[in-house]
Amino acid sequence: MNATAKAPSARMGPASAPLWRSVTADPWLFGIFALITLSVLVFAVLPILIVLKHAVWTPNGFDLSALAGTLSQGFVWRSLANTMILGVTSALVATCAGFVLAFAVTRTTMPGKTFIHGAALLPIISPPFVMALAIVILFGRSGLITRELLGIRNANVYGFHSLVLIQSLAFTPIAYLNIRGMLQSIDSALEDASSSLGASRWTTFRQVTLPLVTPAILSSVLLVFVKSVEDFGNPMLIGGNYNTLAVEAYSQMVGYFNLNAGALLASLMLVPSMTAFLIHRYWVCKRSYVTVTGKPTAQSIRISGRRVVLPLSILCYALAFTILLFYATVFYVSFTKLPGVNNTLTLDHYRTVFTVGFSTLYNSLYLAGIATPITAIAGMMIAFLLVRRAFPGSFLLRWGTLLSFAAPGTILGIGYVSTFNTPPLLLTGTAMIVIAAMVVKNLQVGIEAGSNQLQQIDRSIEEASTILGASSGRTFFRITLPLLRPALFASLSYSLTRSLTTLSAVIFLVSANWTLITVTILSQVETLKTGVAAAWCSILVIVVLAILAVMQLLLSAASRER
Amino acid sequence: MSKVVFSNIVKQFPAVGGAPGGLAVNNLDLTIEEGQLVTLLGPSGCGKTTTLRMLAGFETPSAGSITIGGRDVTHLPVNARNVGMVFQSYALFPHMTVRQNVEYGVKLLNLPRREMDERVSEILETMALAQYADRAPSRLSGGQQQRVALARAVVTRPKVLLFDEPLSNLDAQLRERMRDELRAIQLRLGITSLYVTHDQSEAMAISDRVVVMRNGVIEQDDTPRNVYSRPGTAFVAEFMGKANILEGKVESVNDQGARVRIAEASFDLAPGPQPLRAGQAVRCVVRPEYLHLDPAGQLEAKVRRVVFQGGHVEYLAEIGGQECTITDARYIHSGIAEAGQSLRVAMDTRPVWILPENQANEMGKVA
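### Some points on the environment of T327(B)
Residues and elements named next belong to chain B. Structurally, T327 is set in strand β18 (residues 322-328). Measuring from C-alpha to C-alpha, the distance between T327 and V307 comes to 9.5 Å, with 20 residues separating the pair along the chain. In contact with T327, other than residues within four places in its own chain, are P288, E289, H312 and E314.

### Details of the environment of D221(B)
Here D221(B) lies in strand β10 (residues 217-222). Expressed as a C-alpha distance, the spacing of D221(B) and R209(B), which sit twelve residues apart in the sequence, is 6.9 Å.

### Observations regarding the sheet that holds strand β5 (residues 71-72) of chain B
Residues and elements named next belong to chain B. Spatially, four strands are ordered β2-β1-β4-β5 in an open sheet, and the strand pairing comes out antiparallel. Each edge of the open sheet is held by one strand with a lone partner, namely β2 (22-32) and β5. Looking at chain direction, strand β4 (residues 63-68) and β5 are connected through two bridges and run antiparallel. Residue T67 lies in a different strand from β5, and its bridge partner there is D72.

### Quick word on the domain arrangement of chain B
Residues and elements named next belong to chain B. On domain assignment, one finds that chain B holds domain 1 (4-235) and domain 2 (236-366). Taking the mean C-alpha position of each, domain 1 and domain 2 sit 37 Å from one another. Listed as interface residues are 13 residues of domain 1 and, on the opposing side, 17 residues of domain 2. Elements with a minimum of two residues in the side of domain 1 that touches domain 2: β10, α7 (224-229) and α8 (234-239). Sorting elements by how many residues they give to the side of domain 1 that touches domain 2 places α7 first, with three residues.

### Some thoughts on the domain arrangement of chain A
Interfaces are often sized by the accessible area lost when the parts come together. Residues and elements named next belong to chain A. For chain A, the assigned domains read domain 1 (44-175 + 217-293 + 305-333) and domain 2 (346-562). Placing the centre of domain 1 and that of domain 2 at their C-alpha centroids yields a distance of 21 Å. Contacts between the two partners involve 40 residues from domain 1 and, on the opposite side, 39 residues from domain 2. When residues of the side of domain 1 that touches domain 2 are traced back to their parent elements, those giving at least two are α2 (27-56), α6 (130-139), α10 (201-230), α11 (233-238), α12 (245-255), α13 (259-284) and α14 (306-333). The biggest single contributor to the side of domain 1 that touches domain 2 is α13, with ten residues. Of the residues that constitute the side of domain 1 that touches domain 2, the class distribution is 32 nonpolar, seven polar and one charged.

### Some remarks on the sheet that holds strand β13 (residues 265-269) of chain B
Residue and element names in this part refer to chain B. The strand order β13-β12-β11-β14-β20 describes an open sheet built from five strands, whose pairing is antiparallel. At either margin of the open sheet sits one strand with a lone partner, and together these are β13 and β20 (353-354). Pairing geometry for strand β11 (residues 244-253) and strand β12 (residues 258-262), over five bridges, is antiparallel. What sits directly across from S252, in β12, is R259.

### Looking at unusual backbone geometry
Most peptide bonds adopt trans geometry, and most residues besides glycine take a negative phi value. All names here are of chain B. Within the chain, Y90 stands out as a residue other than glycine whose phi angle is a positive 70°. Along the chain, Y90 turns up in the loop between β6 (83-86) and α2 (98-107). Unusually for a residue other than glycine, R157 sits at a positive phi of about 50°. With respect to the helices and strands, R157 occurs in the loop between α4 (142-154) and β7 (160-164). Take R157: there are 13 C-beta atoms within 10 Å of it, and that puts it in the partly exposed class.

### Some points on the nonpolar core
Soluble, globular proteins show a tendency: their nonpolar side chains are buried together. By size, the foremost hydrophobic cluster in this structure holds 266 residues, and its most contacted members are L133(A), A437(A) and C284(B). Here this core takes 13 residues from helix α19 (residues 431-456) of chain A, the largest share from any one element. Apart from the residues lying within four places of it in its own chain, the contact partners of A437(A) are L412(A), G413(A), Y416(A), A505(A), V506(A) and L509(A).

### Topic: the packing of α19(A) against helix α22 (residues 485-501) of chain A
Residue and element names in this part refer to chain A. The interhelical angle for the contact between α19 and α22, taken along N-to-C directions, is 160°, at an axis separation of 9 Å. Between α19 and α22, the crossing angle belongs to the class labelled roughly antiparallel. Crossing handedness for the pair α19 and α22: right-handed. Packed against α19, whose contacting residues are M438, N442, V445, G446, A449, G450 and Q453, the element α22 presents P486, A487, A490, S491, Y494, S495, R498 and S499 at the interface. A class-by-class count of the residues in the contact of α19 with α22 yields seven nonpolar, seven polar and one charged.

Procedures and definitions
- Residues numbered from 1 in each chain as written.
- Chains lettered and ligands numbered in written order.
- Predicted model: local features only at pLDDT ≥ 70, side-chain atom pairs only at ≥ 80, totals over all residues.
- Helix = DSSP H or I, 4+ residues; strand = E, 2+ residues; numbered from the N terminus.
- Contact = placed C-beta atoms within 7 Å.
- Pairing = 2+ DSSP bridges.
- Domains from an automatic or database assignment.
- Nonpolar A, V, L, I, M, F, W, Y, C, P; charged D, E, K, R; others polar.
- Buried ≥ 20, exposed ≤ 12 C-beta atoms within 10 Å, placed from the backbone.
- Core = buried A, V, L, I, M, F, W, Y, C linked by C-beta atoms within 7 Å.
- Axes fitted to C-alpha atoms, helices over the stretch in contact; angles between N-to-C directions.
- Parallel < 35°, antiparallel > 145°, perpendicular 65-115°, else oblique.
- Left-handed = near helix turned anticlockwise from the far one by under 90°.

This is the structure we're talking about:
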């Protein structure tokens with residue numbers, strides 16, 4: 001009876017034995033796992049490795065002097081410094097703005113929250129450079145505000161200050177959503193407890209609320225930083241002489257056909273991005289006190305004093321109106337003959353758009369339409385494989401997908417052109433290469449959404465299915481996937497929006513046959529056809545909004561069905 | 001035949017991400033006879049759930065083997081074992097109706113459509129669920145959800161039925177009713193069953209045999225009655241309900257048992273499982289109900305604390321310097337004593353159980 005003292009009667013086999021058993025228990029699932037992992041390795045990891053190789057490897061082999069030659073050139077370090085300074089500044093500004101918005105919306109009696117919320121989210125669904133276009137129109141040499149209103153003749157809109165403004169506005173929604181989620185999931189009983197112990201509102205804010213949202217604030221800073229480093233459209237359009245790594249890499253590749261310099265610059269981008277991303281994932285996330293379940297806890301709004309609400313409201317409305325002003329400007333310009341010179345209203349730009357034809361918009365929709373379901377389903381499957389199964393080699397899948405998300409689009413784009421230009425992987429110029437880039441770039445969001453949702457689904461629901469005799473495949477498709485529907489839809493909307501508005505990776509991949517709407521818009525802006533570009537932007541924003549609305553309708557119809 | 005045999009089962013969990021791994025089950029031998037319901041009982045972390053999950057196939061033993069009806073299933077995948085399970089959370093598929101939930105497993109048997117429908121309708125009828133067949137599980141009461149879970153588990157006619165704390169989500173009243181329902185259905189279907197719980201009264205009410213586990217090891221495997229009144233260890237005695245463990249000394253040994261001195265009195269007690277010798281120190285399990293207040297009682301108890309419980313009064317007292325709980329259901333007639341008072345207590349000696357030896361250091365562990 002007294003067996004505690006006895007050692008286990010048999011020693012266990014090698015640690016991997018249960019892992020291999022999981023393979024034999026589920027050969028089909030392992031097959032899918034192997035296929036997905038292989039695809040991730042080929043389409044996410046390999047291209048990045050090839051870029052790293054090109055960065056240090058000339059056609060004549062490893063050449064330290066060539067590397068040193070490139071590195072000694074001023075533009076490399078200047079653009080690296082530019083990228084870092086811009087990234088840090090934008091991250092701080094956007095996070096502050098996001099925090100103000102989130103705090104005002106969740107904790108105060110500020111009027112018009114729905115309006116603020118909607119305006120704050122607008123930048124997410126539009127192409128990254130709509131704002132850049134707007135700022136040129138408003139504050140440029142012949143800007144509507146600078147020249148028309150203020151009479152300034154030689155305003156210089158190009159450069160660091162505009163970039164910070166634009167990126168901050170464009171990335172505030174990321175910080176806002178992040179911090180708002182955290183604020184909502186803090187049990188308000190904690191704040192009640194603080195005030196019941198005699199703390200003033202300010203003390204409660206400082207000692208309870210702020211420490212609890214610190215992880216979200218840090219994570220916003222890091223995510224916006226990564227986004228800023230990756231941003232290509234804005235620095236391209238309004239950077240002026242302020243070149244960032246993304247722009248410099250592009251011009252080295254496309255302007256000078258210098259693959260080595262391009263690859264080196266792209267590799268340099270990887271360093272700050274990966275660092276920030278890894279800090280985010282393995283340090284900030286571990287420090288979170290609240291488990292963000294996505295389920296807002298019961299909130300009671302308790303800040304209604306004018307001294308707090310009024311200044312916060314002024315800030316929020318100023319921000320919201322700036323965003324709206326920028327979008328309205330683009331919309332207005334799309335109906336204007338020659339903004340700043342001839343302000344008569346016209347439909348000319350739309351006429352041009354319609355005569356040139358919708359082929360590029362069509363391409364974008366077509367490619368994004370193929371990429372989106374692949375992204376979403378693959379994201380759910382990977383989430384399932386990573387959260388619920390431990391196959392030997394899971395770490396390859398986990399790190400491969402993480403790498404593809406953290407890596408800037410530029411390095412992925414350069415990697416694709418230099419990897420898939422020879423048989424057997426000859427894909428350059430095809431639709432497939434664009435689709436692959438879209439899928440790989442957006443996969444991680446689906447994985448995250450799917451993983452979070454899976455962790456909320458009671459494991460025993462799936463166990464109940466297997467114990468009733470269902471195979472793993474059947475369990476996934478009949479039980480898990482239907483329960484993942486919210487995450488699936490979130491992933492669908494995200495990857496559709498991103499695929500339609502992306503630029504940094506696909507700019508290297510478009511070809512005569514397959515060019516995309518964002519690339520078209522960029523070239524219109526560069527050739528100063530502002531009106532036509534604005535018309536395209538307006539159409540694109542409306543198309544994205546319409547698709548999102550339809551998906552929302554489908555989702556709510558589907559949930560009402562139950 | 002679907003007798004279940006665990007032989008020499010060891011389950012060692014690997015250390016994951018900094019969390020220490022541990023020996024969840026250590027050298028477990030257990031047999032469940034055909035048609036029996038055996039309960040694994042123990043505090044959380046004792047290995048009972050791990051044992052159940054190894055029989056289900058969700059965990060693979062690190063060593064040892066499990067057979068069902070003579071067939072080795074140790075490494076058989078879950079979905080090939082033909083085992084039914086009622087989960088603690090019920091694990092009903094939230095996106096399916098009651099009927100779809102119950103049908104799910106039957107569909108996988110590839111039965112003719114008619115037979116499948118018959119089986120499903122029959123079980124829904126038996127469980128009084130027919131009128132809710134098209135509802136979503138979330139719109140049922142706790143008891144009804146419990147019945148759906150049971151219907152879904154038995155409709156495939158599994159060889160073994162597993163219960164993982166199935167009643168812990170129900171309120172006290174419903175729990176008793178569902179407990180009796182579960183047992184009635186298990187008896188009627190005659191399915192070999194393994195039931196996991198940490199509630200000793202549930203275990204005693206429902207089982208053919210109760211297996212008390214602690215730290216991955218079986219402490220005692222016996223009938224409910226024996227586990228309660230003839231505990232093998234102090235741990236089992238205290239886990240199975242309120243127990244006073246009073247130390248005494250054997251004065252003399254005779255044919256009927258032993259004369260044991262407890263505090264200032266001597267009692268003739270039935271012999272324990274081991275031979276006794278005069279002068280030996282023993283520990284006796286004295287349930288509160290074996291003691292009653294009696295002015296002519298042989299023991300003196302000093303009241304430390306009084307807990308009024310409605311049906312009875314519970315006195316936490318000291319007898320000869322040892323802590324002791326005494327219940328008094330006759331307080332209506334004799335009144336309630338206060339802390340600090342002394343009471344005379346008589347002991348019903350027949351059920352008093354002398355714990356086997358080699359448990360000398362057991363007290364420390366339990367406390």
